[in-house]
Amino acid sequence: MRLSSALLAASLLAAPAWPQGAEETPRVAGSEVPAPKRTRFVSPQYPADAQARGLRGIVILELIIDTSGKVASAIVTRSVPPFDDAALLAARQWEYEVTRVDGKPVPVRLSVPITFTMPVPRVSKQEGIPELVQGINPVVPAGAEQPASVVAEVTLEPTGQVTEIEVTSGETVFADALMDAVRTWRFAPGSGGATLAFRVEADFIPGKPGRVDLRLAGLRQSETVAAASPEPAPSAAPPSPAPSPAVAERAPLPAPTTVPAPAPTATPAPAAAPPPRPAVPTSGQMIPPPPGPPIETLGPVSPPANSAPAPPPEMPPVSAVRDVTLAMGVPDLTRGRRPVVPPLARMASATGSVDVRFAVDAAGTASVQEVTGPDLLKEAARQAVSSWVFRRTTAERLHLVASFVYGEATASASVKRDE
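Draft legend 1. Layout of the overall build of the protein chain. The helix and strand tally for the protein chain stands at seven helices and 23 strands. A separation threshold of at least 6 residues defines the contact pool for the protein chain, and within that pool the share at least 24 residues apart is 74%.

In structure tokens:
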């Protein structure tokens, strides 16, 4: 009974308010009346924190357009928390053509999806290096007054994922800024199926605003990268396998823009040590755009990523999905939706835990088998797990369990093998 009351309260909150005294109920755009044409547009501002973390997503608003063409009400019906306020602030300033029925102006209810995305960094590159299709620009460190240059060696899988980054020259503060950006990069898949390596040369030029000039050169194919190294001395320890971390989750969303990025903790490894395993950047939520009016897009759409081979079993697993942690024995999580409190549960102040048992096939795709937990939270957990893609190198079916914890405003998940 209490749950039903909460659902009723949530549904009432979800309906956009219509000013008291209005004589007519808003008509639904796309079914009862045509969608009105927008005559005034204010672009949403990309939140600085979301930019710095390379986040992207789609917020869906429900607007009520009054009889004068102004936005009388705006609410979020699909939430991506970093972007909700920016979307609402902009949409409330929009204006539309007046909709008329039998010559009389009528209010209109309109659903508007708004895509937050970022453009690809500009680079000059040697012929043969794949196109950069996703990533953020390195940012000139705060307080930098003199120009500086950094050179890093990058290795790509055939899928276009960056698997290794090693700085070969440059001051630490500038090297950190470059590595933090390169970790978010993804390139177009190669046609020959070979692993590629090349140099990233970055010139940091302070100023207002500062800029970073990027060049990609020194292309080498897989046979060069895999060339045998000199035989080690008897007392030397054998080198450990090269790490292969996942890159930020991919969705059919556009590619990132020039934004500040938090300084990474990784530093260049000594010459005698194996390359450090770069940290995986956090990622935004994957939400496919629904049918309806055209999406307000803030950038071009980049192609989806492909699954990639699993890392060596002795390496700790890596999650490219924010707020998802992996236990030992779980493959790398390469992309998917992060845990988010569903809007109805948030409005009803519903909290709790959800367990999702699922299987992962040889392609890395997750298929949900069982979901247990509160009804207001189960569907959000099921959709998140269904979007996940893992790295696999073996053909056997892997059974896992994801434990979600939903608070009033935050959510997280942990994944382990299903015993």
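Past the structure itself, the notes keep going.
Draft legend 2. Focus on the sheet that holds strand S14 (residues 196–205). The strand order across the open sheet built from five strands is S9-S15-S14-S11-S12, with neighbouring strands paired in mixed fashion. The sheet is open, and its two edges are formed by strand S9 (124–125) and strand S12 (162–169), each paired on a single side. Contacts between helix H4 (residues 172–182) and the sheet are confined to strand S11 (148–156), S12, S14 and strand S15 (211–220), with S11 contributing the most and set at about 35 degrees to the helix.

Draft legend 3. Main features of the packing of aromatic side chains. On inspection of all chains with the given rule, the structure shows 12 aromatic pairs. Arranged with centres 5.8 Å apart and planes meeting at 80 degrees, the rings of Tyr 46 and Phe 116 form a pair that is edge-to-face. Within this pair, whereas Tyr 46 is found in the loop between strand S2 (38–40) and helix H2 (48–52), its partner Phe 116 is found in strand S8 (residues 108–116), the two being separated by 70 residues in sequence. Looking at Tyr 46, the relative accessible area reads 14%, which means it is buried. Taken together, Phe 358, Trp 388, Phe 390, Phe 404 and Tyr 406 form an aromatic cluster joined through their ring pairs. Above the ring of Trp 94, the side-chain terminus of Arg 38 is found at 4.6 Å from the ring centroid.

Draft legend 4. Focus on the sheet that holds strand S23 (residues 411–417). Across the sheet, five strands lie side by side as S17-S23-S22-S19-S20; this open sheet has mixed pairing. The open sheet terminates on both sides in strands that have one partner only, identified here as strand S17 (324–326) and strand S20 (366–372). When the angles between neighbouring strand axes are averaged without regard to direction, this sheet yields 25 degrees. Pairing of strand S19 (residues 352–360) with strand S22 (residues 398–406) involves nine bridges; the strand directions are antiparallel. Looking at S22, one finds that Val 360 is bridged to Leu 398. Contacts between helix H7 (residues 375–386) and the sheet are confined to S19, S20 and S22, with S20 contributing the most and set at about 160 degrees to the helix.

Draft legend 5. Summary view of the nonpolar core. Counting 55 residues, the largest nonpolar core has Leu 63, Trp 94, Leu 178, Trp 185 and Phe 204 as its most contacted members. For this core, the element with the most residues is H4, which contributes seven residues. Val 330, Val 341, Leu 376 and Leu 398 belong to the second largest nonpolar core, which has 28 residues in total.

Draft legend 6. Local environment of unusual backbone geometry. With a phi close to 55 degrees, Asp 102 is a non-glycine residue in the positive phi region. With respect to the element layout, Asp 102 can be found in the loop between strand S6 (99–101) and strand S7 (104–106). With relative accessibility at 81%, the residue Asp 102 sits in the exposed group. Backbone geometry places Ser 349, a non-glycine residue, at a positive phi of 55 degrees. You can see Ser 349 is positioned in the loop between helix H6 (343–347) and S19. Looking at Ser 349, the relative accessible area reads 46%, which means it is partly exposed.

Draft legend 7. Structural context of the pattern of salt bridges. According to the stated counting rule, one finds 15 salt bridges in the structure shown. Close ionic contact of Arg 391 with Asp 332 constitutes a salt bridge, the shortest N to O distance being 3.8 Å. Here Arg 391, found in the loop between strand S21 (389–390) and S22, pairs with Asp 332, found in the loop between S17 and strand S18 (333–335); they are 59 residues apart in sequence, far enough to count as distant. On the basis of relative accessibility, which here comes to 0%, the residue Arg 391 falls in the buried class. Across the salt bridge formed by Lys 378 and Asp 375, the nearest N and O atoms sit 3.9 Å from each other. Of the two residues, Lys 378 and Asp 375 are both situated in helix H7; the distance of three residues between them amounts to about one turn of the helix. According to the relative accessible area criterion, Lys 378 is partly exposed, its value standing at 26%. Relative accessible area serves as the criterion here: at 56%, Asp 375 is assigned to the exposed category.

Draft legend 8. Region of interest: H7. Here H7 contains 12 residues, and its C-alpha end-to-end distance of 17 Å stays within 8% of the 16 Å for a straight helix at 1.5 Å per residue. Along H7, the positions that sit buried rather than exposed are Leu 376, Leu 377, Ala 381, Ala 384 and Val 385. Each buried residue of H7 sits inside an arc of 140 degrees when the element is viewed along its axis, so together they form one side.

Draft legend 9. Looking closely at helix H3 (residues 84–91). Burial within H3 is extensive, with six of its eight residues counted as buried. Asp 84, Ala 86, Ala 87, Leu 88, Ala 90 and Ala 91 are the residues of H3 that are buried. Structurally, H3 contributes buried residues whose contacts are with strand S3 (57–65), strand S4 (71–78), S8 and H6.

Rules of the game
Residues numbered from 1 in each chain as written. Predicted model: local features only at pLDDT ≥ 70, side-chain atom pairs only at ≥ 80, totals over all residues. Heavy atoms only, no water. Helix = DSSP H or I, 4+ residues; strand = E, 2+ residues; numbered from the N terminus. Contact = heavy atoms within 4.5 Å. Pairing = 2+ DSSP bridges. Axes fitted to C-alpha atoms, helices over the stretch in contact; angles between N-to-C directions. Phe/Tyr/Trp six-rings, centres within 6.5 Å; stacked < 30°, edge-to-face > 60°. Buried < 20%, exposed > 50% of the residue type's maximum accessible area, 1.4 Å probe, protein only. Lys NZ or Arg CZ within 6 Å of the ring centre and 35° of its normal. Core = buried A, V, L, I, M, F, W, Y, C linked by side-chain atoms within 4.5 Å. Salt bridge = Lys/Arg side-chain N within 4 Å of Asp/Glu carboxyl O. Expected span 1.5 Å × (residues − 1). Arc of directions from axis to C-beta.

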